[in-house]
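# Structural overview
Next come the chains, spelled out residue by residue.
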Amino acid sequence: MKGRDRCNDSDADIPLRGYRQFRKGGEPLEREKLMVIYPQKRQKGKERERLDQILSYALENTQAELFEDMSALWEGENQEKSSRRFAGQRLLFAVPLGKDGVNREYYEVLAWLRAGDRVLEGAVAGLIIDADSELFTKAAARELTVAANQTGCAFVGRPLVEGTASLDNFIVQAANMKTDRMGAYKNSARTLAEQVASFAWEKKEHPHLLVLHASNHKTSNTMAIWNEVRGRLDGIEVKEINLRNGTLEDCSGCPFQMCLHFGERGQCFYGGAMVDDVYPAVRWADGILLLCPNYNDALSANMTAFINRLTALFRTTRFYDKALFAIIVSGYSGSDLIAGQLVTALNMNKTFYLPGNFCMMETGNSPGSAMHAPGISGRIEEFAQRVRKTLLKEIQDQTAAI
């Protein structure tokens, strides 16, 4: 299974580049020990039986330690202090949801992550979410990923393996692997475990950052914050593309073979700025940073069109070696909803690497107000340094300083 990619139904029959499993020269990457956070002790045995089988197979060739009692997340006589034992480790979250999508021990994990401490600083993770229902798996994965990321945890590209009750989400993969759906589930989980254990992010001496937005420079709080961040990105070459320039048509769902035909040529049926400007810039970039004002608790139409139209390029190009960043500004609340949309669309589906604390989330309901928020200068500096630390090879580890 080494080097085999996990695919969703739309692209499962295309030969894939896969994730970086070998060093230059063909030397295999060393695998690190996996720490498996498995919140399940209150679940009925039947509800976790399948996930037990999946984990047994997935971890067969990987050194791992299971944490089934969530008291391991806390320290002190009354467990009032968050444990940092998982910081800097390779993690696999394994969550059985049962029929109703509720796992009480899982909420203990969320409480630990949302306590405000950077308990997973420097960690790299993946997720296996299993349910006895056709619902809840992706929603739980999104919620968990955003919460863990805010504590400093990075996620490999396509970090989620999910098992619905019917396993119909594995029909195409099973056909490609010449196995049944359960076999495809097991193989995908093993691939993910190996990917997390052997993951190695490659920084660049002269990194490229693509910034995409559809905002007005004069009135946008998002643009005002970005302009301050940009001034702190020494050593990184930045390219900005305004998606408002010209007409950016959304994807209309071409037949698969038509999309593949154009994608193999680095094109899209609809052409325009997406093909002429955005596709080449995405190939050029080592990281992309999306400027996302919150419109009705959703991404803007132009940003959504960008993500949808990226599918044609994705047919033949994977983005495991490109980092995802974002600046999100909401008029009142809901920035975490936008972060979740970016995570599911670009990290879980389109394979972008998700660095720890990948986004800034701010509030500003009138022009310029975000730049007057208490502590904004410090948060801008911290975010800029995290972008540099992720992309730039020369920068020293400043985790302790920020």
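What you see is a predicted model, and the numbers here were worked out from it, not measured in a lab.

### Points about the packing of helix α3 (residues 137-149) against helix α10 (residues 335-349)
Between α3 and α10, whose axes approach to 9 Å, the crossing angle comes to 105°. Taken together, the axes of α3 and α10 lie roughly perpendicular to each other. Facing α3, whose interface residues are K138, A141, R142, T145 and V146, α10 presents A339, G340, Q341, V343, T344, M348 and N349. Of the residues in the contact of α3 with α10, the class split is five nonpolar, five polar and two charged.

### A look at α3
End to end, α3 covers 18 Å across 13 residues, agreeing with the expected 18 Å (1.5 Å per residue, within 8%). Taken together, the buried positions of α3 are occupied by T137, A140, A141, L144, T145, V146, A147, A148 and N149. Taken together, the buried residues of α3 touch β5 (90-96), α2 (104-113), β6 (124-130), β7 (154-163) and α10.

### Looking at the sheet that holds strand β8 (residues 208-213)
Read across the sheet, five strands follow the order β9-β8-β10-β11-β12 without closing on themselves; strand pairing throughout is parallel. The open sheet terminates on both sides in strands that have one partner only, identified here as β9 (237-242) and β12 (359-363). In this sheet, neighbouring strand axes are inclined to one another by 15° on average, regardless of whether the strands run parallel or antiparallel. Where strand β10 (residues 287-293) meets strand β11 (residues 323-330), seven bridges bridge the pair, whose relative direction is parallel. The residue bridging G287 from the neighbouring strand is A323, located in β11. Strands β8, β10, β11 and β12 of the sheet are contacted by helix α11 (residues 376-391), whose axis makes an angle of about 165° with β11.

Conventions used here
Residues numbered from 1 in each chain as written. Predicted model: local features only at pLDDT ≥ 70, side-chain atom pairs only at ≥ 80, totals over all residues. Heavy atoms only, no water. Axes fitted to C-alpha atoms, helices over the stretch in contact; angles between N-to-C directions. Helix = DSSP H or I, 4+ residues; strand = E, 2+ residues; numbered from the N terminus. Parallel < 35°, antiparallel > 145°, perpendicular 65-115°, else oblique. Contact = heavy atoms within 4.5 Å. Nonpolar A, V, L, I, M, F, W, Y, C, P; charged D, E, K, R; others polar. Expected span 1.5 Å × (residues − 1). Buried < 20%, exposed > 50% of the residue type's maximum accessible area, 1.4 Å probe, protein only. Pairing = 2+ DSSP bridges.

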